[in-house]
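Fold and contact review
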Amino acid sequence: MTQMNTRVLLARRPAEHLVAADFEVDTQPVKSLHDGQFLIKNLYLSLDAGFRQWMNEDSGDNYLSSMPLGEPVQSIVMGTVVESRNEEYPNGSVVMGRTSWEEYSIADGSDLMSILEPDPNVELHEYLCSLGPSGMTAYFGIMDIGAPKAGDLFVINAAAGGIGCIAGQIAKAEGCSTVGIAGGTKKCQWLQDTLGYDQVIDYKSTEPFEQQLQKAAPQGINIVYDNVGGTMLTTMLGQLAENSRIILCGAVSQYEREGGHQAVGNMWELITKRARAEGFMFSDHVDRYPEAIEYITTMLTSGSLVSPVSWSDGIESTGQGFIDMLAGKNLGKCLIKL
Ligand SMILES: NC(=O)c1ccc[n+]([C@@H]2O[C@H](COP(=O)([O-])OP(=O)(O)OC[C@H]3O[C@@H](n4cnc5c(N)ncnc54)[C@H](OP(=O)(O)O)[C@@H]3O)[C@@H](O)[C@H]2O)c1
């Protein structure tokens, strides 16, 4: 019997904020495999805010191409190999890689694909969360660029998201005092109660963000972990301590902005404060994943890391799940269970 594959396609270029009609669900027969290929039955799809950037027209860059219309939306996925013409990926292997929003993916071992050797003490989906791209991004940003020292004031935005949740707890474990920025009173309360942030800032409250930041960091910020970019980053650069480090991880406030990314201000502060700002991509560090996985697994299995997930069920829920994540409705990492 022909196996059918339900997929979520990018139906049109989004006009600023994503809406459900930007996506289309279709069902197609699974194609036959060529030599070197294998078929993955996807178990989980990872929703990662960064992919929003590459849904835009002409958004291709040195990292990824602009997503083609009429094709499934790109995504990090985890699944089981159910048919194989590639001896390195035999049937039954549990794999993770970058394919698409679809129930079945055909892969050839490229595009961040790897076989997982899950720790039996860790839930499998964790390899898309704290032990997957989100955790790797949190860890390498903090360790390599943030270079945390005990007593540093660490400030992170999108603090309740997939990366933010893990990064805040790693910074705390490294002895930093942590300030989490997120949108909404309830979310901020959750950041303190569940994730242990020392201070929180609700950037959606009526009190101006700049004023809240000055109160939270009267002596200046030692480490900025920036997931948001734009005017929020500009304000944070205006509140730096000397010799501070700025981890440039993402720019989620900019991905839906008509006219492209806006310029960031307060750059003079980098000079007078002898600060260092550096961008990075988690995938630059594949050879050092074992180091990060060991560090984070120790935190997880000792009960010192909370790794929250906002779950959605079924392939049809994927588009709305992604829209909700960008709107800040998630607490922690967003995953689709297939
Ligand atoms: N460099 C790398 O290797 C790498 C790898 C993966 C991801 N990233 C980047 O990391 C960032 C976080 O990604 P994620 O997948 O973990 O997503 P996420 O944080 O789980 O979700 C995005 C969150 O951003 C916040 N947000 C959305 N629009 C905002 C705005 N205009 N101003 C302030 N906050 C806004 C929302 O929460 P609240 O508004 O409630 O706070 C939302 O929930 C993204 O910028 C992504 O591109 C970088």
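Residues numbered from 1 in each chain as written. Predicted model: local features only at pLDDT ≥ 70, side-chain atom pairs only at ≥ 80, totals over all residues.

Another aspect to go through is the domain arrangement of the protein. When cut into domains, the protein gives domain 1 (4–129 + 308–337) and domain 2 (133–283). Measuring from the centre of the C-alpha atoms in domain 1 to the corresponding centre in domain 2 gives 27 Å. Across the boundary between the two partners, domain 1 contributes 20 residues, which contact 17 residues of domain 2. Classifying every residue of the side of domain 1 that touches domain 2 by side-chain character gives nine nonpolar, seven polar and four charged. (Domains from an automatic or database assignment. Contact = placed C-beta atoms within 7 Å. Nonpolar A, V, L, I, M, F, W, Y, C, P; charged D, E, K, R; others polar.)

Neighbouring residues of the ligand: 32 residues in total, closest Gly50, Gly161, Gly162, Gly250 and Gly328. Elements represented by at least two residues in the shell around the ligand include exactly α1 (133–146), α2 (162–173) and α8 (318–326). Classifying every residue of the shell around the ligand gives 17 nonpolar, 13 polar and two charged. Both domains that meet at the shell around the ligand, namely domain 1 (4–129 + 308–337) and domain 2 (133–283), each give it at least three residues. (Near = placed C-beta within 6 Å. Helix = DSSP H or I, 4+ residues; strand = E, 2+ residues; numbered from the N terminus.)

This next bit is on α2. Taking 1.5 Å per residue as the helical rise, α2 with its 12 residues ought to reach 16 Å, and the 18 Å between its terminal C-alpha atoms agrees with that figure. Summarising burial for α2: 10 of the 12 residues are buried, a large majority. The secondary structure elements touched by the buried residues of α2 are α1, β8 (153–156), β9 (177–182), α3 (185–195), β11 (221–226) and β15 (333–337). Downstream of α2 by a residue or two, Gly175 has a phi angle that is positive, lying close to 95°. (Expected span 1.5 Å × (residues − 1). Buried ≥ 20, exposed ≤ 12 C-beta atoms within 10 Å, placed from the backbone.)

With respect to topology, six strands assemble into an open sheet ordered β10-β9-β8-β11-β12-β13, the strand pairing being parallel. Whereas interior strands pair on both sides, the edge strands pair on one side only; in this sheet they are β10 (199–202) and β13 (276–279). Neighbour-to-neighbour, the strand axes of the sheet open up by a mean angle of 15°, direction not taken into account. Set on the sheet, α3 makes contact with β9 and β10; between it and β10 the angle comes to about 165°. (Pairing = 2+ DSSP bridges. Axes fitted to C-alpha atoms, helices over the stretch in contact; angles between N-to-C directions.)

By size, the foremost hydrophobic cluster in this structure holds 91 residues, and its most contacted members are Phe154, Val155, Ala167 and Tyr225. When residues are assigned to domains, this core turns out to be shared by domain 1 (4–129 + 308–337) and domain 2 (133–283), each giving three or more. Setting aside residues up to four positions removed in sequence, Phe154 forms contacts with Pro148, Ala171, Cys176, Ser177, Thr178, Val179, Asn222, Ile223 and Tyr225. (Core = buried A, V, L, I, M, F, W, Y, C linked by C-beta atoms within 7 Å.)

The next subject is the environment of Glu102. Mapping Glu102 onto the fold places it in the loop between β5 (94–100) and β6 (104–107). Classification of Glu102 as buried rests on a count of 26 C-beta atoms within 10 Å. Along the primary structure Glu102 and Leu338 are separated by 236 residues, whereas in three dimensions their C-alpha atoms are 9.2 Å apart.

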